[in-house]
Amino acid sequence: MTASMKVVETPLSDVVVKFRNPSEEKVREISESISQVGLISPIVISPDNILLAGYHRYLAYKKLGLDTIPSIVKDVDNSVSELIEVDENLMRQELNFIQTALHIVKREELLKKLGFLYQ
């Protein structure tokens, strides 16, 4: 299956969001990360601006008061759009406790090295 794709700056006000269940903690964490290092991965939208993936990134941009967000536009049919949404939620890899701890320690070391943490 081949689909066209492009990256654009999309006004947040143009993004159409279906019902989602946000995590305020995740939005806060992503907002912090975006403030420190920028957006790492664009959101994914359909050609008619329906959000397919990246709800927490979208909310983080809103929280930061930004007007536009980098977006990958996937020109696919409705079934593929739904599959993208399902895959985004099912295939996201969650870390176990040890991996999470190691990542937190490494993140803190990097933040300190970059001057984002006060001693």
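Quick note: structure is the one above.
These notes cover the structure that comes with them. Predicted, not measured: the structure shown is a model, and the values here were computed from it.

### Some points on the overall build of the chain
Phase 1 of the analysis: Check the secondary structure of the chain and you find 4 helices and 4 strands.
Phase 2 of the analysis: Helices (α) and strands (β) of the chain occur, in sequence order from the N terminus, as β-α-β-β-α-β-α-α.
Phase 3 of the analysis: Counting only residues that meet the buried cut, the chain has 28% of its 119 residues in that class.
Phase 4 of the analysis: Within the chain, residue pairs in contact and separated by at least 24 positions form 79% of the contacts whose partners lie at least 6 positions apart.
Phase 5 of the analysis: If you sum the accessible surface of the chain, you get close to 8500 Å²; carbon and sulfur atoms cover 56% of it.

### So, the pattern of salt bridges
Phase 1 of the analysis: Using the criterion set out here, one finds 2 salt bridges in the structure.
Phase 2 of the analysis: A salt bridge links Arg-28 to Glu-25; the nearest nitrogen and oxygen atoms lie 2.5 Å apart. With Arg-28 and Glu-25 both in helix 1 (residues 24–37) and 3 residues apart, the pair spans about one turn of that helix.
Phase 3 of the analysis: A single salt-bridge network, built from bridges that share partners, covers Glu-25, Arg-28 and Glu-32.

### Here we look at the nonpolar core
Phase 1 of the analysis: Counting residues in hydrophobic clusters, the biggest one holds 14 residues, and the most contacted among them are Ile-43, Leu-51 and Tyr-58.
Phase 2 of the analysis: Broken down by secondary-structure element, the contributors of at least two residues to this core are helix 1, strand 2 (43–45), helix 2 (55–63) and strand 4 (68–75).
Phase 3 of the analysis: The greatest single-element share of this core, amounting to 5 residues, is contributed by helix 2.
Phase 4 of the analysis: Formed by 7 residues, the second largest nonpolar core is a distinct cluster that contains Leu-52, Ile-72, Val-76 and Val-80.

### Here's the deal with the environment of Arg-57
Phase 1 of the analysis: With respect to the helices, strands and loops of the structure, Arg-57 is situated in helix 2.
Phase 2 of the analysis: Classification of Arg-57 as buried rests on a relative accessible area of 15%.
Phase 3 of the analysis: Along the primary structure Arg-57 and Ser-31 are separated by 26 residues, whereas in three dimensions their C-alpha atoms are 7.7 Å apart.
Phase 4 of the analysis: If we ignore the near neighbours within four places in the chain, the residues touching Arg-57 are Ile-30, Leu-39, Ser-41, Pro-42, Ile-43, Ile-69 and Glu-88.
Phase 5 of the analysis: Reaching out from Arg-57, the side chain makes a polar contact with the backbone oxygen of Pro-42 at a distance of 2.7 Å.

### So, helix 2
Phase 1 of the analysis: Counting buried positions over the 9 residues of helix 2 gives 7, a clear majority of the element.
Phase 2 of the analysis: When helix 2 is considered as a whole, its buried residues turn out to be Tyr-55, His-56, Arg-57, Tyr-58, Leu-59, Ala-60 and Tyr-61.
Phase 3 of the analysis: Taken from the residues just after helix 2, Gly-65 is the one with a positive phi, measuring 75 degrees.

### Notes on the packing of helix 1 against helix 2
Phase 1 of the analysis: In the contact formed by helix 1 and helix 2, the axes pass within 8 Å of each other and the chain directions differ by 65 degrees. Here helix 2 runs roughly perpendicular to helix 1, going by the angle between their axes. For the pair helix 1 and helix 2, the sense of crossing is right-handed. Along its contact with helix 1, which presents Lys-26, Val-27, Arg-28, Ile-30, Ser-31 and Ile-34, the element helix 2 presents His-56, Arg-57, Leu-59, Ala-60, Tyr-61 and Lys-63.
Phase 2 of the analysis: Classifying every residue of the contact of helix 1 with helix 2 gives 6 nonpolar, 2 polar and 4 charged.

What counts, and where the lines are drawn
Residues numbered from 1 in each chain as written. Predicted model: local features only at pLDDT ≥ 70, side-chain atom pairs only at ≥ 80, totals over all residues. Heavy atoms only, no water. Helix = DSSP H or I, 4+ residues; strand = E, 2+ residues; numbered from the N terminus. Buried < 20%, exposed > 50% of the residue type's maximum accessible area, 1.4 Å probe, protein only. Contact = heavy atoms within 4.5 Å. Areas by Shrake-Rupley, 256 points an atom, 1.4 Å probe, with all protein chains shown as cover. Salt bridge = Lys/Arg side-chain N within 4 Å of Asp/Glu carboxyl O. Core = buried A, V, L, I, M, F, W, Y, C linked by side-chain atoms within 4.5 Å. Polar contact = N/O pair within 3.5 Å; in protein donor to acceptor, adjacent residues only side chain to side chain. Axes fitted to C-alpha atoms, helices over the stretch in contact; angles between N-to-C directions. Parallel < 35°, antiparallel > 145°, perpendicular 65-115°, else oblique. Left-handed = near helix turned anticlockwise from the far one by under 90°. Nonpolar A, V, L, I, M, F, W, Y, C, P; charged D, E, K, R; others polar.

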